[in-house]
Amino acid sequence: MSGTEEKKKKKVLVAAADGSEEIETVCIVDVLRRAGADVTLASAEHSTTLSMSRHVKIVADTLLSSIPEDEYYDMIAIPGTRATRSLIPALPPLCIPFSYHPITSPYPGYPILQAGCLGHS
């Protein structure tokens, strides 16, 4: 490094489940990776192969259950649909280390993360 500090990549977890919207999932992962984020697509199922809402198969990077509770993420994104509602209770241990930007959530005590929080400090 030459006198300037190297900018650290933001770490993002995208949690998806069978039935998640394929377009939302792929667009979130694609846009964030193009922006330089270190994105991990995690499956909430027992397999890394997900069957999306229109039966498109997508292979996740890892299983949500295999991510250590003390793993740090700058942002957690959850593609919409009813299928991903079940993911909300699984995420709080992963949310503890960072300050997040809550929006109205149908799940008391479980704030939803906005895509705009990637740049928070």
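Residues numbered from 1 in each chain as written. Predicted model: local features only at pLDDT ≥ 70, side-chain atom pairs only at ≥ 80, totals over all residues. Heavy atoms only, no water.

A. Summary view of the overall build of the protein chain. Each helix and strand in the protein chain was counted, giving 2 helices and 8 strands. Out of the 121 residues belonging to the protein chain, those deemed buried represent 35%. For the protein chain, the share of sequence-separated contacts (at least 6 apart) that also reach a separation of at least 24 residues comes to 60%. Put simply, the protein chain shows about 7300 Å² of open surface, and 55% of that area lies on carbon and sulfur atoms. (Helix = DSSP H or I, 4+ residues; strand = E, 2+ residues; numbered from the N terminus. Buried < 20%, exposed > 50% of the residue type's maximum accessible area, 1.4 Å probe, protein only. Contact = heavy atoms within 4.5 Å. Areas by Shrake-Rupley, 256 points an atom, 1.4 Å probe, with all protein chains shown as cover.)

B. Expanded view of unusual backbone geometry. Even without a glycine there, the phi angle at H55 is positive, about 70°. Relative to the elements of secondary structure, H55 occurs in the loop between β3 (49-51) and β4 (57-59).

C. Up close: the environment of A15. Considering the arrangement of structural elements, one finds A15 in strand β1 (residues 11-16). Sequence separation between A15 and T62 is 47 residues, and the spatial gap between their C-alpha atoms is 9.8 Å.

D. Quick look at the pattern of salt bridges. Applying the stated criterion to the full structure yields 3 salt bridges. Between E71 and K11 there is a salt bridge; the shortest N-O distance is 2.3 Å. Taken together, the positions of E71 in the loop between β5 (62-63) and β6 (75-77) and K11 in strand β1 put the pair 60 residues apart, joining distant regions of the chain. Measuring nitrogen to oxygen at the nearest pair gives 3.0 Å for the salt bridge that ties R33 to D61. Of this pair, R33 sits in helix α1 (residues 22-34) while D61 sits in the loop between β4 and β5, and the two are 28 residues apart along the sequence. On the accessibility criterion, R33 (41% relative accessible area) is partly exposed. (Salt bridge = Lys/Arg side-chain N within 4 Å of Asp/Glu carboxyl O.)

E. A look at the nonpolar core. The biggest cluster of nonpolar side chains holds 14 residues, and the ones touching the most others in it are V12, V14, L32, V39 and L41. At the level of secondary structure, the elements contributing two or more residues to this core comprise β1, α1, β2 (38-43) and β6. A total of 3 residues in this core trace back to one element, the largest contributor, which is β1. If you look at the next biggest cluster of nonpolar residues, it comprises 7 residues, including A15, A42, I67 and Y73. (Core = buried A, V, L, I, M, F, W, Y, C linked by side-chain atoms within 4.5 Å.)

F. Layout of the packing of aromatic side chains. Within this structure, the stated rule accounts for 0 aromatic pairs. Its guanidinium or amino end placed over the ring of Y73, K11 lies 4.9 Å from that ring's centre, counting from NZ or CZ. (Phe/Tyr/Trp six-rings, centres within 6.5 Å; stacked < 30°, edge-to-face > 60°. Lys NZ or Arg CZ within 6 Å of the ring centre and 35° of its normal.)

G. Structural context of the side chain of T25. Here T25 shows up in helix α1. A polar contact is formed between the side chain of T25 and the backbone oxygen of E21, at a distance of 2.8 Å. (Polar contact = N/O pair within 3.5 Å; in protein donor to acceptor, adjacent residues only side chain to side chain.)

H. Inspection of the sheet that holds β6 at higher detail. As summarised here, the arrangement of the 4 strands in space is β5-β2-β1-β6, forming an open sheet in which the pairing is parallel. The open sheet is flanked by β5 and β6, the only strands paired with a single partner. For β2 and β5, the ladder comprises 2 bridges, and the chain directions are parallel. Note on β5: the bridge partner recorded for A42 is T62. (Pairing = 2+ DSSP bridges.)

Geometric descriptors of this kind do not, in isolation, establish any biological role.
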